[in-house]
Amino acid sequence: MQNKDLLSLKDLSSETIDYLVKLASRIKHGKFLYKDLLEGKSLGLLFSKHSTRTRLSFEAGINQLGGNVIYLDAQNLQLSRGETVEDTARVLSRYLDGLVIRTYEQSMVERFAENSDIPIINGLTDDYHPCQVLSDLFTIFEIGLLNKDLKFTYIGDSNNVSNSLLIGFSKLGVDITLGCPEKYSPAEWILDIFKRQAKKTGAKFNVLNDPIKAVKDADIIYTDVWISMGDTNSEEKISKLREFQVNKKLLTYASDNVKVMHCLPAHREQEITSEVMDGKHSIVWQQAENRLHAQKALLVYLYSR
Ligand code: CP
Ligand code: NVA
């Protein structure tokens, strides 16, 4: 049965991920596909954290599919004065046809989903960033590397993006290496989710606390900020992560044709140098563009039933 929501990539089967990746490609190359899909529909974007890509790609995508967007700053809703999530969800679902939420706790998007009959889409929580990773899988497919021989390394802080990458790769049966300081390695709960999925697909993960070993022969190196939204900026964390910076020297240990990905926004000269981000191995702008196409594919999937 198809889920009405996208709260994490756990909600999507491997077949659906594969379908969405290919649909995103068709949409990218035939810009006006599905242009009336959301005609007469209003989708809300309820954001409690900053956003450039997620907000704008959803806004543009919903418009291109004929829908109407209502941006809701969480600070201005009665929710921020104590109205419950459950009551807010019940009311919003009577006005809207869908809601993209960016917030802190994963339980918040789950409570919205339980108390409304409209699709709820996770636009990033502290635990997950499923729309980002769906789009990233499309980018990896587009560059011809989404297959079981891929050597993929995520390097840096374990966070919402690496958690969603773990789920995505476990679903597709593709191995993933994570290079992180021991203290900032993936939590047991997300590795348990990976292991459960991997029983069906055979995917393996490898957590290495040595950045050079982690990127050895990698086809793709992916990184993200060291201090995510909502994290406290700590000198101790930054100093532990410093040797995990994606820089020209680190790339010499990877495959000659390695591609570098970053979900953005980047903290230039911290987790990645400008030299790498603006250099020939970087595919970050293609990656950012693909958010639009992948988001449209997700909307087509959720609304064409
Ligand atoms: N990658 C991403 O989600 O970017 P924004 O925070 O700008 O939405
Ligand atoms: N891990 C980052 C991703 C931003 C898109 C954060 O949560 O801030």
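Residues numbered from 1 in each chain as written. Chains lettered and ligands numbered in written order. Predicted model: local features only at pLDDT ≥ 70, side-chain atom pairs only at ≥ 80, totals over all residues. Heavy atoms only, no water.

Participant: Could you give me a rundown of the packing of aromatic side chains, with the residues and numbers involved?
Facilitator: With the rule as written, the count across this model stands at 6 aromatic pairs. Consider the rings of Phe152 and Phe169, whose centres lie 4.5 Å apart with planes at 40°: the pair is tilted. You can see Phe152 sitting in strand β5 (residues 152–155) and its partner Phe169 sitting in helix α6 (residues 160–172), a full 17 residues away along the chain. Exposure class is identical for Phe152 and Phe169. Each is buried. Three or more aromatic residues joined by ring pairs make a cluster, and in this case those are Phe152, Tyr154, Phe169 and Tyr222. One Lys or Arg, Lys49, reaches over the ring of Tyr104 and ends 4.6 Å from the middle of that ring. One cation-aromatic arrangement involves Arg55 over Tyr71; the distance from NZ or CZ to the ring centre is 3.4 Å. (Phe/Tyr/Trp six-rings, centres within 6.5 Å; stacked < 30°, edge-to-face > 60°. Helix = DSSP H or I, 4+ residues; strand = E, 2+ residues; numbered from the N terminus. Buried < 20%, exposed > 50% of the residue type's maximum accessible area, 1.4 Å probe, protein only. Lys NZ or Arg CZ within 6 Å of the ring centre and 35° of its normal.)

Participant: Which residues make up the site of ligand 1, and what values do they have?
Facilitator: Taken together, Ser51, Thr52, Arg53, Thr54, Arg102, His129, Gln132, Cys263, Leu264 and Arg291 are the residues near ligand 1. In the model, an oxygen atom of ligand 1 is placed 2.8 Å from a nitrogen or oxygen of the His129 side chain. A distance of 2.8 Å separates a nitrogen atom of ligand 1 from a polar atom in the backbone of Leu264. A total of 250 Å² of accessible area belongs to ligand 1 in isolation, and the protein chains cover 96% of it. In terms of residue class, the shell around ligand 1 is made up of 2 nonpolar, 5 polar and 3 charged. (Near = heavy atom within 4 Å. Polar contact = N/O pair within 3.5 Å; in protein donor to acceptor, adjacent residues only side chain to side chain. Areas by Shrake-Rupley, 256 points an atom, 1.4 Å probe, with all protein chains shown as cover. Nonpolar A, V, L, I, M, F, W, Y, C, P; charged D, E, K, R; others polar.)

Participant: Can you lay out the site of ligand 2 for me, pointing to particular residues and giving the numbers?
Facilitator: Neighbouring residues of ligand 2: Leu124, His129, Asn159, Asn160, Asp224, Val225, Ser228, Met229 and Leu264. Asn159 is positioned with one of its side-chain polar atoms (N or O) 3.3 Å from a nitrogen atom of ligand 2. Within the contact set of ligand 2, a nitrogen atom lies 2.7 Å away from a side-chain nitrogen or oxygen of Asp224. Isolated, ligand 2 exposes 270 Å² of accessible area, and the fraction of that covered by the protein chains is 96%. Its residues assigned to classes, the shell around ligand 2 shows 4 nonpolar, 4 polar and 1 charged.

Participant: Before we move on, could you go through unusual backbone geometry and cite the residues and values that matter?
Facilitator: Each neighbour pair has its own omega, and for Leu264 with Pro265 the value is 5°, a cis peptide bond. Structurally, Pro265 is set in the loop between β9 (259–262) and α11 (274–277). Residues other than glycine seldom take positive phi values, yet Leu124 does so here, at roughly 125°. Relative to the helices and strands, Leu124 resides in the loop between β4 (120–122) and α5 (130–142).

Participant: Can you lay out the packing of helix α3 (residues 85–95) against helix α4 (residues 106–114) for me, pointing to particular residues and giving the numbers?
Facilitator: Taken N-terminus to C-terminus, the directions of α3 and α4 make an angle of 45°; their axes are 8 Å apart at the nearest point. Judged by the angle between their axes, α3 and α4 are oblique. Considering how the two elements wind past one another, α3 and α4 form a crossing that is right-handed. Contact residues: Val85, Glu86, Thr88, Ala89 and Leu92 in α3; Met108, Arg111 and Phe112 in α4. (Axes fitted to C-alpha atoms, helices over the stretch in contact; angles between N-to-C directions. Parallel < 35°, antiparallel > 145°, perpendicular 65-115°, else oblique. Left-handed = near helix turned anticlockwise from the far one by under 90°. Contact = heavy atoms within 4.5 Å.)

Participant: Describe in detail the sheet that holds strand β7 (residues 205–208), supporting the description with residues and values.
Facilitator: One open sheet accounts for 5 strands, arranged β7-β6-β5-β8-β9; its pairing is parallel. At either end of the open sheet lies a strand with only one pairing partner, and these are β7 and β9. Each strand axis lies, on average, 20° off the axis of its neighbour in the sheet, ignoring direction. (Pairing = 2+ DSSP bridges.)

Participant: Can you break down the sheet that holds strand β1 (residues 42–47) residue by residue, with the values?
Facilitator: Neighbouring strands of a sheet are bound in pairs by backbone hydrogen bonds; such pairs are parallel or else antiparallel. An order of β2-β1-β3-β4 is seen for the 4 strands of this open sheet, with the pairing classed as parallel. Only two strands of the sheet have a single partner each, and these edge strands are β2 (68–73) and β4. Shown here is a sheet whose adjacent strand axes are inclined to one another by a mean of 20°, direction ignored. Pairing of β1 with strand β3 (residues 98–102) involves 5 bridges; the strand directions are parallel. Within the sheet, the bridge partner assigned to Leu45 lies in β3 and is Val100. Each of β1, β2, β3 and β4 touches helix α2 (residues 53–64); the most contacted strand, β1, lies at about 175° to it.

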